[in-house]
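Topology and contacts: notes
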Amino acid sequence: MPQTNPFHSVVPRKLTDSELARSIRLNIEAELDAINLYAAHLDATDNEDAKAILRHVMDEEREHAALFWQLIARLDPAQAQHDREASQKYRLITTGASHEEVEAVGEGGGAAAEVDPELPKRLTVGSLRK
């Protein structure tokens, strides 16, 4: 069986953090592909030994993807900022915030960025102004 040349991706210099982040994104893609492949194998068998091994290996791939994502946050500050904003946007979206409130996150949106998603939404005179 042919093997991958271990030197096929060697570059003549060290990668910048930006270049390494791009490479790590490809690693994440490979981990996600493996997770999906193992999940399909799980669905395709009733062999309990195989399922146990597949579940274990699939969980390892999930861990790898999570670790790589943490590394991306260190290598790419812009991606890290989007990650931080995504958590806040997620809370706003799932609690019924307006599109404008969601899009104000990260843009110096002031009050929109301070909305507590746990509080019930209430109409006030200020909220009726255009």
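The structure under discussion appears in the preceding block.
Here is a short report on the structure shown in this document. Bear in mind that the values here come from a model prediction, so they are computed numbers and not experimental data.

1. Some points on the pattern of salt bridges
For the coordinates displayed, the defined rule picks out 3 salt bridges. Between K89 and E103 there is a salt bridge, and its shortest N-O distance comes to 3.9 Å. Of this pair, K89 sits in helix α3 (residues 77–94) while E103 sits in helix α4 (residues 99–104), and the two are 14 residues apart along the sequence. For E103, a relative accessible area of 33% translates into the label partly exposed.

2. Digging into helix α2 (residues 48–75)
Here α2 spans 40 Å end to end across 28 residues, near enough to the 40 Å set by a 1.5 Å rise per residue. Three or more residues of α2 are buried, namely K51, L54, M58, E61, A65, I72 and L75. At the N-terminal end of α2, a side-chain oxygen is found 3.0 Å from the backbone nitrogen of D49, two or three residues along, and the residue is N47.

3. Things to note about the side chain of E61
The residue E61 is located in helix α2 in this model. The residues contacting E61, other than those within four sequence positions of it, are E31, A34, I35 and Y38.

4. Concerning the packing of α2 against α3
Between α2 and α3, whose axes approach to 5 Å, the crossing angle comes to 120°. Where α2 abuts α3, its residues W69, I72, A73 and L75 lie against P77, Q79, A80 and D83.

5. Examining the environment of L71
The residue L71 is located in helix α2 in this model. Expressed as a C-alpha distance, the spacing of L71 and R25, which sit 46 residues apart in the sequence, is 9.8 Å.

6. Quick word on the nonpolar core
A34, I35, Y38, L42, L54 and M58 together form the largest nonpolar core, which totals 6 residues. Broken down by secondary-structure element, the contributors of at least two residues to this core are α1 (17–43) and α2. Of the residues forming this core, the biggest block, 4 residues, is contributed by α1. Residues A21, I24, I72 and L75 belong to the second largest nonpolar core, which totals 5 residues.

7. Structural notes on the environment of R91
The residue R91 is located in helix α3 in this model. A residue is classified by how much of its surface remains accessible, and R91, at 40% relative accessible area, is partly exposed. Sequence spacing of R91 and V102 is 11 residues, and the spatial spacing of their C-alpha atoms is 9.2 Å.

8. As for the packing of α1 against α2
Two quantities define a packed helix pair, namely the angle between the axes and the distance from one axis to the other. Close contact between α1 and α2 brings their axes to 9 Å; oriented N to C, the two are set at 160°. What the angle tells us is that α1 and α2 run roughly antiparallel. As for how α1 packs across α2, the hand of that crossing is left-handed. Residue composition of the contact of α1 with α2, by class: 19 nonpolar, 3 polar and 7 charged.

What counts and what doesn't
- Residues numbered from 1 in each chain as written.
- Predicted model: local features only at pLDDT ≥ 70, side-chain atom pairs only at ≥ 80, totals over all residues.
- Heavy atoms only, no water.
- Salt bridge = Lys/Arg side-chain N within 4 Å of Asp/Glu carboxyl O.
- Helix = DSSP H or I, 4+ residues; strand = E, 2+ residues; numbered from the N terminus.
- Buried < 20%, exposed > 50% of the residue type's maximum accessible area, 1.4 Å probe, protein only.
- Expected span 1.5 Å × (residues − 1).
- Polar contact = N/O pair within 3.5 Å; in protein donor to acceptor, adjacent residues only side chain to side chain.
- Contact = heavy atoms within 4.5 Å.
- Axes fitted to C-alpha atoms, helices over the stretch in contact; angles between N-to-C directions.
- Core = buried A, V, L, I, M, F, W, Y, C linked by side-chain atoms within 4.5 Å.
- Parallel < 35°, antiparallel > 145°, perpendicular 65-115°, else oblique.
- Left-handed = near helix turned anticlockwise from the far one by under 90°.
- Nonpolar A, V, L, I, M, F, W, Y, C, P; charged D, E, K, R; others polar.

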